[in-house]
Amino acid sequence: MIIMAHHKQARSGTIRDTSIGYEMNFGLRVFFPALLTVLACTASAAQAQTRVGEAVVIQNEVVRVAATTTQINVGDGMLRDETVRTGAAGAARFVMADSTNLSLGPSATLKLDRTVFNDEHSYRDVAISMTTGAFRFVTGHSEKAAYKITTPLATIGVRGTTLDILSQRGRSVVVLQDGAANVCTLSFQCVQLTQPGDTAIITSTGGRTTITKTGTPPWTFAATCTAAAGLCSVNQYADASPTITPAVHDDGMLCGR
């Protein structure tokens, strides 16, 4: 029927070509550039998901949690928007692209919520959720306001800092080792940590959350440092991974999204 219609149009002098061949050719000319754009965006997204940091210390079980869990090894990349979990005898240290060092003790879960790069070696915005376990956080080269750290009970603002953070059910402990920090409950009760040893203790009982400050920390990450050689060392990212640079320079919105 389409061929007959086309023939009739030709006899009547109509010059508009509605043949199957033209429509397919036109469709392909539209489809393939669009497909190439999608593929380019997909490739860009895949590239963006690689190497916002690197594992430099891994002891025993340390896994990347996704649809399936996979073991992380020394040299493996830390990815945007991923969750990392250590086993009961596990420990890990990651160096991010701005030379932030993140150490995890046993039975710890950390979620890298967001990373937006300023350039290859600094972040405009980085958000880290420390869900459960013991951590040491040492800031890198990014502006301190770029860092946003949370536990289920607290938000932590960083001002050039080494922090020890313990996240437990109903309790978070934040110990300042160097620099300064502002620690707040989710209801915006806050304390300032300005001297080494200053500690914020947040507790939640019966739906009521309280925060207190002390100069005598009930816990520090130092005891965890013996879990693995190098767990509490500090590396520059260039030393950890001299041949790899992050591929992300966007604001986290890829290909118009």
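No experiment lies behind these values; they were computed from the predicted model shown.

1. Overview of the overall build of the chain
Stage number 1. A count of helical and extended segments in the chain gives three helices and 17 strands.
Stage number 2. Per-residue burial for the chain yields a buried fraction of 42% across its 257 residues.
Stage number 3. The long-range fraction of contacts in the chain, counting pairs at least 24 apart against all pairs at least 6 apart in sequence, stands at 50%.
Stage number 4. Accessible area for the chain stands at about 13,000 Å²; split by element, carbon and sulfur atoms hold 58% of it.

2. Description of the nonpolar core
Stage number 1. If you look at the biggest cluster of nonpolar residues, it comprises 42 residues, and the most contacted ones within it are Phe 94, Ile 128, Met 130 and Val 183.
Stage number 2. Ala 91, Leu 166, Val 173 and Phe 221 belong to the second-largest nonpolar core, a separate cluster that totals 10 residues.

3. Overview of the confidence of the model for the chain
If pLDDT is low for a region, its predicted coordinates should not be looked at in detail.
Stage number 1. Per-residue confidence for the chain averages 81 on the pLDDT scale, and 74% of its residues sit at or above 70.
Stage number 2. Note that pLDDT drops below 50 for residues 1-15; the model gives that stretch eight contacts with residues more than four away or on any other chain.
Stage number 3. Contacts for the low-pLDDT stretch residues 35-48, under 50 throughout, to residues beyond four places or in other chains number seven contacts.

4. Structural notes on the pattern of salt bridges
Two side chains that carry opposite charge are able to pair once their charged atoms sit near each other.
Stage number 1. In this structure the tally under the stated criterion is five salt bridges.
Stage number 2. With its nearest N and O atoms 2.3 Å apart, the salt bridge here joins Arg 64 to Glu 82. Of this pair, Arg 64 sits in strand 2 (residues 62-65) while Glu 82 sits in the loop between strand 4 (77-78) and strand 5 (83-86), placing them 18 residues apart in sequence.
Stage number 3. For Asp 113, the salt bridge is made with Lys 111, and the minimal N-O distance between the two is 3.4 Å.
Stage number 4. In this structure Asp 113 comes out as partly exposed when scored by relative accessible area, which is 30%.

5. With respect to the environment of Gln 236
Stage number 1. Summarising the element assignment, Gln 236 is placed in the loop between strand 17 (208-214) and helix 3 (237-240).
Stage number 2. For Gln 236 and Met 96, which are 140 residues apart along the polypeptide, the C-alpha to C-alpha distance reads 8.7 Å.
Stage number 3. Gln 236 has contacts with Val 95, Ser 99 and His 141, leaving out every residue within four places of it along the chain.
Stage number 4. Within the structure, the side chain of Gln 236 is placed 2.8 Å from the side chain of His 141, a separation counted as a polar contact.

6. A word on the side chain of Asp 125
Stage number 1. By the element assignment, Asp 125 lies in strand 9 (residues 122-138).
Stage number 2. A polar contact is formed between the side chain of Asp 125 and the side chain of Lys 148, at a distance of 3.4 Å.
Stage number 3. Among all residues touching Asp 125, those that are not within four sequence positions of it are Arg 114, Thr 115, Val 116, Ala 146 and Lys 148.

7. A short note on the pairing of strand 10 (residues 147-150)
Stage number 1. Burial of strand 10 is one-sided: the residues Tyr 147 and Ile 149 facing one way are buried, the residues Lys 148 and Thr 150 facing the other way are not.
Stage number 2. Relative to strand 11 (residues 154-158), strand 10 runs antiparallel, the two being bridged by three bridges. When the sheet's bridge partners are listed, Lys 148 is paired in strand 11 with Gly 157.
Stage number 3. Once strand 10 ends, the chain turns through three residues before running back antiparallel as strand 11.

8. A look at the pairing of strand 7 (residues 101-104)
Stage number 1. Here strand 7 shows a buried face lined by Asn 101 and Ser 103 and a second buried face lined by Leu 102 and Leu 104.
Stage number 2. Note: strand 6 (residues 91-96) against strand 7, four bridges, orientation antiparallel. Along strand 7, the bridge assignment pairs Val 95 with Asn 101.
Stage number 3. From the end of strand 6 to the start of strand 7, which pair antiparallel, there are four residues, and Ser 99 there has a positive phi angle of about 75°.
Stage number 4. Looking at chain direction, strand 7 and strand 9 are connected through four bridges and run antiparallel. Within strand 9, the residue paired with Asn 101 across the bridge is Val 138.

9. Some words on the packing of aromatic side chains
Describing an aromatic ring pair means giving the distance of the ring centres and the angle of the ring planes.
Stage number 1. Applying the stated criterion across every chain, the model contains one aromatic pair.
Stage number 2. An angle of 80° between the planes, with centres 5.4 Å apart, marks the rings of Phe 137 and Tyr 147 as edge-to-face. Highlighted residues: Phe 137 in strand 9 and Tyr 147 in strand 10, separated in sequence by 10 residues. By the burial criterion, Phe 137 is buried, and Tyr 147 matches it.

What counts, and at which threshold
- Residues numbered from 1 in each chain as written.
- Predicted model: local features only at pLDDT ≥ 70, side-chain atom pairs only at ≥ 80, totals over all residues.
- Heavy atoms only, no water.
- Helix = DSSP H or I, 4+ residues; strand = E, 2+ residues; numbered from the N terminus.
- Buried < 20%, exposed > 50% of the residue type's maximum accessible area, 1.4 Å probe, protein only.
- Contact = heavy atoms within 4.5 Å.
- Areas by Shrake-Rupley, 256 points an atom, 1.4 Å probe, with all protein chains shown as cover.
- Core = buried A, V, L, I, M, F, W, Y, C linked by side-chain atoms within 4.5 Å.
- pLDDT = per-residue confidence, 0-100.
- Salt bridge = Lys/Arg side-chain N within 4 Å of Asp/Glu carboxyl O.
- Polar contact = N/O pair within 3.5 Å; in protein donor to acceptor, adjacent residues only side chain to side chain.
- Pairing = 2+ DSSP bridges.
- Phe/Tyr/Trp six-rings, centres within 6.5 Å; stacked < 30°, edge-to-face > 60°.

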